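Residue strings, one per chain:
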Amino acid sequence: MQGRRRFLKHLIASTSLGALNLSGIGLGQNLDSHTDWSPAGLEGEAFWKDVRKQYTFYPNQIYLNSATIGLIPIPVRLAIEKNFASLAQGKYYLPHEPREKVAEFLGADVSEISLTHNTTEGINIIANGLPFRRKDEIIITDHEHVGNAFPWLNRARLSGLRFKVFTPAPTAAETLNRIASLITRRTRIIAVPHITCTTGQILPIRAIASLARSKGIWSFVDGAHGPGSTALDMHDLGCDFYATCGHKWLCAPAGIGMLYIRKEMLDTVEAHMVGAYSGMGWTLNHQEQSMLSLTQSAHRFDYGTQNKALILGLQDAVEFMQTIGLEKIYARGRTLAAYLQEKLLALPHVEMLTPTEKKSRGTIIGFKVKGRSLDYFRKHPQLMHFRVRIVPESNLDSLRISTHLFNTYAELDEFVDFIEKTKP
Ligand SMILES: Cc1ncc(COP(=O)(O)O)c(C=O)c1O
């Protein structure tokens, strides 16, 4: 930790951060107090206004799409540039520290974390590595992102698996009931999103994992929307596998993912892609061709040379968020989303898709405008002003709004005004 802090201090000292307006958060002044940073007397909206200054925005755009790509804060971006500069000079040694940091952040042991390239890679490692038999059944939702649909569909194609599909219900309890009702003696895995990409619904993962374990079924979580939007503790969640990425709510650079494999499951997942760092040693000559055992940790799944600059950037992103306060960030995103949901619910031409149950909703709001097709919004001149995601998936034809730490109530008010005017 000390080493990284020194690194960041060097970074700040060597750039003209004053011009970038980093004053408020303390990062431009004293990096040694980076992790101990406190609001410095700021509270409420003044605090968040100060946080917002750490981001840059596309001109004349209200960014409401952190669920696709999170904006990278200025200090993290500068750290990444510095990381690349050092890489360019041949400083390629990748320390163990980022992996430890990520494990701690996810509430896992460091031996349970593989650093992948994105969520989809983690999903593929599990979908292709588990020992399925023909006619085994997978329980999955009809609200999947292609990243959690294709790998399972492909494995089903290769190995003759079958699906049992459910629609997430408006409440966590009913969602759990729906899953339970699909379990048969052939069910081998429940493979669901932590938070759906369509409506932002939070699934009751702890209860799902516990149900799965009680029936001898594996539990896999597509956690693309977990880190940075909600508190995570893998051991407390109890799932067997959790695949995720840094480039959404963590506001880290794209190109780095994280895969959690519960330690008891390590040897159940076959490693199909191996190379440097995957094994304990090997011999390949005229007399002997042999391989020692695979690395005794999830590190075996991230083989070969990795991008040091991005991996350190992931650590920088986690530290940046910890500086602000993780619980504060989660609460901020949720409060903004709840505010937006309430305003939209008051519009008679809006059909709300995100549950109103508190524990089932988070930082994403999905809704439809009655009588307006997706094409209407695709062609709308305001679509680029409000950077939102249109959702053709699951035949929803809806809009998806993400609220994160840099967003403001004024932005949401402006967006609601816009939706009000789209009334047919
Ligand atoms: C729920 C969900 N799963 C998986 C993915 C794919 O993530 P990645 O691009 O990190 O592979 C996404 C991306 O938007 C997603 O929303």
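No experiment lies behind these values; they were computed from the predicted model shown.

1. Looking at a nonpolar patch on the surface
Here's step 1: A contiguous nonpolar patch, built from Val146, Phe150 and Leu153 and spanning about 310 Å² of accessible area, is present on the exposed surface.
Here's step 2: Mapped onto the fold, Phe150 is located in helix H6 (residues 146-159).

2. Some points on the site of the ligand
Here's step 1: All residues in the neighbourhood of the ligand are listed as Asn118, Thr119, Thr120, His145, Cys197, Asp222, Ala224, His225, Cys245, His247 and Lys248.
Here's step 2: Within the side chain of Thr119, a nitrogen or oxygen atom sits 2.9 Å from an oxygen atom of the ligand.
Here's step 3: Between the ligand and His225 there is a distance of 2.7 Å, counted from an oxygen atom to a side-chain nitrogen or oxygen.
Here's step 4: Residues that form the shell around the ligand fall into these classes: three nonpolar, six polar and two charged.

3. As for helix H7 (residues 172-182)
Here's step 1: Taken as a whole, H7 has its buried residues at Ala172, Thr175, Ile179 and Leu182. Buried residues along H7 cover an arc of 85° about the axis, so they all sit on one side. Seen from the buried face of H7, the exposed residues on the opposite side, beyond 90 degrees, are Ala173 and Ser181.
Here's step 2: The elements touched by buried residues of H7 are strand S3 (137-141), strand S4 (162-166), strand S5 (187-193) and helix H8 (205-214).

4. Focus: a positive patch on the surface
Here's step 1: Taken together, the side chains of Arg134, Lys135, Arg162, Arg185 and Arg186 present a region of like positive charge at the surface.
Here's step 2: Following the sequence through the fold, Arg134 ends up in the loop between helix H5 (119-129) and S3.

5. Focus on unusual backbone geometry
Here's step 1: For Ser394, which is not a glycine, the phi torsion comes out positive at approximately 55°.
Here's step 2: Position of Ser394 relative to the elements: it lies in the loop between strand S14 (389-391) and strand S15 (398-402).

6. Things to note about the environment of Leu310
Here's step 1: Looking at the element boundaries, Leu310 is found in helix H10 (residues 308-324).
Here's step 2: Accessibility expressed as a relative area gives 13% for Leu310, which makes it buried.
Here's step 3: Taking the C-alpha atoms as reference points, Leu310 and Ile256, 54 residues apart in sequence, are found 6.7 Å from one another.
Here's step 4: The contacts of Leu310, once residues within four sequence positions are left out, are Ile80, Phe84, Pro253, Ala254, Gly255 and Ile256.

7. Some points on the pattern of salt bridges
Here's step 1: According to the stated counting rule, one finds 19 salt bridges in the structure shown.
Here's step 2: One salt bridge connects Glu264 with Arg262, and the closest N-O pair in it is separated by 3.0 Å.
Here's step 3: Assessed through its relative accessible area of 52%, Glu264 is described here as exposed.
Here's step 4: Classification of Arg262 as buried rests on a relative accessible area of 14%.
Here's step 5: Salt bridges here are not isolated pairs; linked through shared partners, they connect Asp109, Glu112 and Lys263.

8. Side note on the packing of aromatic side chains
Here's step 1: Summed over all chains, the structure comprises 15 aromatic pairs.
Here's step 2: By the ring-pair criterion, three or more aromatic residues cluster together here, those being Phe367, Tyr376, Phe377, Phe386, Phe415 and Phe418.
Here's step 3: Residue placement shows Arg52 over the ring face of Phe57; its charged tip is 4.3 Å from the ring centre.
Here's step 4: A cation over a ring is seen here: Arg372 above Tyr376, with NZ or CZ 4.0 Å from the ring centre.

9. Here we look at the pairing of S4
Here's step 1: The pairing of S3 with S4 spans five bridges and is classified as parallel. When the bridges of S4 are listed, Ile138 appears paired with Phe163.
Here's step 2: For the handedness criterion, the β-α-β arrangement of S3, H6 and S4 is classed as right-handed.

10. Here we look at the sheet that holds S3
Here's step 1: Across the sheet, which stays open at both edges, the seven strands sit in the order S2-S8-S7-S6-S5-S3-S4 with mixed pairing between neighbours. Lying at the two open borders of the sheet, with one neighbouring strand each, are strand S2 (113-116) and S4. Across this sheet, the average inter-strand angle for adjacent strands is 20°, counted without regard to direction.
Here's step 2: Where strand S7 (residues 241-245) meets strand S8 (residues 257-261), five bridges bridge the pair, whose relative direction is antiparallel. Across the sheet, the residue bridging to Cys245 is Gly257, located in S8.

11. Things to note about the packing of H5 against H6
Here's step 1: For the pair H5 and H6, the least separation of the axes is 9 Å and the interaxial angle reads 20°. Between H5 and H6, the crossing angle belongs to the class labelled roughly parallel. Crossing handedness for the pair H5 and H6: right-handed. For the pair H5 and H6, the contacting residues are Thr120, Ile123, Asn124, Ile126, Ala127, Asn128 and Gly129 in the first and Gly147, Asn148, Pro151, Trp152 and Arg155 in the second.
Here's step 2: The class makeup of the residues in the contact of H5 with H6 is five nonpolar, six polar and one charged.

12. A few points about the packing of helix H2 (residues 44-52) against helix H11 (residues 326-345)
Here's step 1: It is the contact of H2 with H11, at a shortest axis distance of 13 Å, that shows an interaxial angle of 105°. Considering their axes alone, H2 and H11 lie roughly perpendicular with respect to each other. Where H2 abuts H11, its residues Glu45, Phe47 and Trp48 lie against Lys328, Ile329 and Arg332.
Here's step 2: Classifying every residue of the contact of H2 with H11 gives three nonpolar, no polar and three charged.

Rules behind the numbers
Residues numbered from 1 in each chain as written. Predicted model: local features only at pLDDT ≥ 70, side-chain atom pairs only at ≥ 80, totals over all residues. Heavy atoms only, no water. Patch = residues over 30% accessible without salt bridge, like charges linked within 9 Å, V, L, I, M, F, W, Y side chains within 5 Å. Areas by Shrake-Rupley, 256 points an atom, 1.4 Å probe, with all protein chains shown as cover. Salt bridge = Lys/Arg side-chain N within 4 Å of Asp/Glu carboxyl O. Helix = DSSP H or I, 4+ residues; strand = E, 2+ residues; numbered from the N terminus. Near = heavy atom within 4 Å. Polar contact = N/O pair within 3.5 Å; in protein donor to acceptor, adjacent residues only side chain to side chain. Nonpolar A, V, L, I, M, F, W, Y, C, P; charged D, E, K, R; others polar. Buried < 20%, exposed > 50% of the residue type's maximum accessible area, 1.4 Å probe, protein only. Arc of directions from axis to C-beta. Contact = heavy atoms within 4.5 Å. Lys, Arg positive; Asp, Glu negative; His and termini not counted. Charge placed at Lys NZ, Arg CZ, Asp CG, Glu CD. Phe/Tyr/Trp six-rings, centres within 6.5 Å; stacked < 30°, edge-to-face > 60°. Lys NZ or Arg CZ within 6 Å of the ring centre and 35° of its normal. Pairing = 2+ DSSP bridges. Right-handed = clockwise from strand over helix to strand, strands pointing away. Axes fitted to C-alpha atoms, helices over the stretch in contact; angles between N-to-C directions. Parallel < 35°, antiparallel > 145°, perpendicular 65-115°, else oblique. Left-handed = near helix turned anticlockwise from the far one by under 90°.

Worth remembering: the numbers are spatial, not functional.
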